[in-house]
Amino acid sequence: MFEIQTLRKDFPILQQTIYAKPLVYFDNAATTQKPRPVVEKIKQGYYNVNANIHRGVHYLSQAATEAHEAARGAVRDFLGARFAHEIIFTRGTTEAINLIASSFAEKFLTEGDEVILSEMEHHSNIVPWQIQAARKNLTLKVVPIDETGALDLEAYRRLFSERTRLVSLTHVSNVLGTINPVETLIAIAHSHQVPVLLDGAQAVPHLGVDVRALDVDFYAFSAHKIYGPTGIGVLYGKEKRLEELPPYQGGGEMIASVSFDKTTFNDLPFKFEAGTPDYIGTTALAEALAYIEQLGRADIAAHEQELLRYATGRLQEVGGVRIFGRTERKSSVVSFLLEDIHPYDTGLLLDQLGIAVRTGHHCAQPLMKALGVEGTVRASFALYNTKEEIDVFIDGIKQVRTLFKR
Ligand code: PMP
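Residues numbered from 1 in each chain as written. Predicted model: local features only at pLDDT ≥ 70, side-chain atom pairs only at ≥ 80, totals over all residues. Heavy atoms only, no water.

Moving on: the nonpolar core. Counting residues in hydrophobic clusters, the biggest one holds 71 residues, and the most contacted among them are Leu79, Tyr156 and Leu285. If one sorts the elements of this core by residue count, helix H10 (residues 279-295) sits on top with eight residues. Residues from two domains meet in this core; each of domain 1 (4-30 + 296-405) and domain 2 (39-293) gives at least three. Among all residues touching Leu79, those that are not within four sequence positions of it are Ile87, Val204, Val209, Asp210, Val211, Arg212, Phe221, Val234 and Tyr236. In this structure, Phe336, Leu350, Ala379 and Val400 belong to the second largest nonpolar core, which totals 25 residues. (Core = buried A, V, L, I, M, F, W, Y, C linked by side-chain atoms within 4.5 Å. Buried < 20%, exposed > 50% of the residue type's maximum accessible area, 1.4 Å probe, protein only. Helix = DSSP H or I, 4+ residues; strand = E, 2+ residues; numbered from the N terminus. Domains from an automatic or database assignment. Contact = heavy atoms within 4.5 Å.)

Next comes the structure, spelled out in structure tokens:
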């Protein structure tokens, strides 16, 4: 097991005080902090190997291209994909989902076709489908959740019809922490010959994901939630699936030849990567993946699960705490409400103590509606968090409770 205090030194931001209190950063589901090697990689990239990639004959352009393509290879290894060209770099999960929604709808969807989503989706896996639904007169069908925050599998089975064309679901809920039984969900969809897109934004930081073992058709995630830079994301797609889809954006890089009479498109992955990519960001993402591999994904998961167990237990001791998301398989996220105290008030008071949590609807308003609340307080843990920080957080929660009891 890694030594947590040594590891925390890799994250300079964690050393600071906020309002003269040591920072307790529990907003990791929104974004994670970056270790030195990742920031160093960005700095060294701009200082030493910055030149526009692909087609350059000069040394620097080739070095930058090699680093960028090596990063693609690292992501392929990380996800267990077959080919590097099945890895498309995007700006984030949101752009990856928009890409599929737009291209898939363009090619395959016509009036009356159906796409299955769930009640626990992030807005970025709802709105792109609504845009296409409005454009093409599609029907969106929604899998409900049960009282523990799990998807209702029987309801899911019943949603399939001969018009179902795609399933797009989150792997892990950003609010409830629910780890969905994606193997089963995919197998059911495939038994109807329906492909599946998984939103892995909250999964890859915590779970080992093997896209081939899952047999998933498309998989999306964001670098910034896995200790990498902002502005970089990944769309994995099976070669066959990506090949049959039309380009999402037009521009440089994505073409084979251009004339005013006829333009032909480049091969995968470049067909989906119009314009100059963030080739420094991709190498920093590869560095982030190497960082967590070197710590050990299983050890990170065990540590986070211990934090989740500890935080849940201690929150329950406080009394008056309602926790949302009680499935057995959960990632290190605790959403809760403290009696009838507004989540913003809880968040603001915790902030005064140097504790960063997220409050509100967490970009999941349909889920809030299903839970019958306006918002929640969410504490989410990463590899660098400690039980001592959870103790500080629990003391903070007690103070909030006392203050509002007056
Ligand atoms: N899906 C889920 C489940 C998320 O938690 C998030 C980020 N909050 C997103 C999608 C969107 O990710 P990004 O903003 O990095 O594109």
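This is not the end of the story, as more comes after the structure.
Right, let's get into the site of the ligand. Around the ligand lies a shell of 13 residues, among which Thr94, Asp199, Gln202, Ser222 and Lys225 are the nearest. With respect to the ligand, the side chain of Lys225 contributes an N or O atom lying 2.8 Å from a nitrogen atom. For the ligand, the protein covers 84% of the area, taking 400 Å² as the surface of the free molecule. Classifying every residue of the shell around the ligand gives one nonpolar, 10 polar and two charged. (Near = heavy atom within 4 Å. Polar contact = N/O pair within 3.5 Å; in protein donor to acceptor, adjacent residues only side chain to side chain. Areas by Shrake-Rupley, 256 points an atom, 1.4 Å probe, with all protein chains shown as cover. Nonpolar A, V, L, I, M, F, W, Y, C, P; charged D, E, K, R; others polar.)

This next bit is on helix H5 (residues 127-136). Every buried residue belonging to H5 is among Pro128, Trp129, Gln132, Ala133 and Lys136, and all of these are buried. Viewed end-on, H5 has its buried residues packed into an arc of 135°, placing them on one side of the element. Those residues of H5 that are buried lie in contact with helix H4 (93-108), strand S5 (114-118), strand S6 (139-143), strand S7 (164-170) and strand S8 (196-199). Note on H5: the residue one or two positions beyond its end, Asn137, has a positive phi of about 60°. (Arc of directions from axis to C-beta.)

Among the secondary structure elements, Val24 is positioned in strand S3 (residues 24-25). Taking relative accessible area as the criterion, Val24 reaches 4% and is therefore assigned buried. Between the C-alpha atoms of Val24 and Ile226, which are 202 residues apart in sequence, the distance is 18 Å. Residues contacting Val24, with those up to four places away along its chain left out, are Gly354, Ile355, Ala356, Glu389 and Val392.

Another point: the sheet that holds strand S14 (residues 333-338). Read from one edge to the other, the open sheet built from four strands follows the order S13-S14-S17-S16, with strand pairing classed as antiparallel. What marks the edges here is a single partner per strand, and that holds for strand S13 (321-324) and strand S16 (358-360). Here the strands of the sheet are splayed against their neighbours by 30° on average, with no regard to which way each runs. Packing of helix H11 (residues 297-318) onto the sheet brings it into contact with S13 and S14, and relative to S14 it is tilted by some 10°. Together, S14, S16 and strand S17 (376-380) form the strand contacts of helix H12 (residues 343-352), whose direction differs from that of S16 by roughly 160°. (Pairing = 2+ DSSP bridges. Axes fitted to C-alpha atoms, helices over the stretch in contact; angles between N-to-C directions.)

Bringing the domain arrangement of the protein into the picture now. For the protein, the assigned domains are domain 1 (4-30 + 296-405) and domain 2 (39-293). Computed over C-alpha atoms, the centres of domain 1 and domain 2 are 28 Å apart. The interface is formed by 35 residues belonging to domain 1 together with 32 residues belonging to domain 2. Buried surface at the junction of domain 1 and domain 2, summed over both partners, amounts to about 2700 Å²; 55% is from carbon and sulfur atoms. Of all residues in domain 1, the largest losses of buried area upon contact with domain 2 belong to Arg297, Arg329 and Leu367, amounting jointly to 26% of the total for that side. (Buried area = accessible area lost by both parts, 1.4 Å probe.)

A word on the sheet that holds strand S10 (residues 233-237). Pairing is mixed in the open sheet, where seven strands are placed in the order S4-S10-S9-S8-S7-S5-S6. Each edge of the open sheet carries a strand with a single partner, namely strand S4 (87-90) and S6. Put simply, the sheet's adjacent strands are angled 20° from each other on average, direction ignored. Here S7 runs beside S8; their pairing, made up of four bridges, is parallel. Pairing of Ser168 across the sheet is with Leu197, part of S8. Those strands touched by H5 are S5, S6, S7 and S8, and its axis lies near 150° from that of S6.

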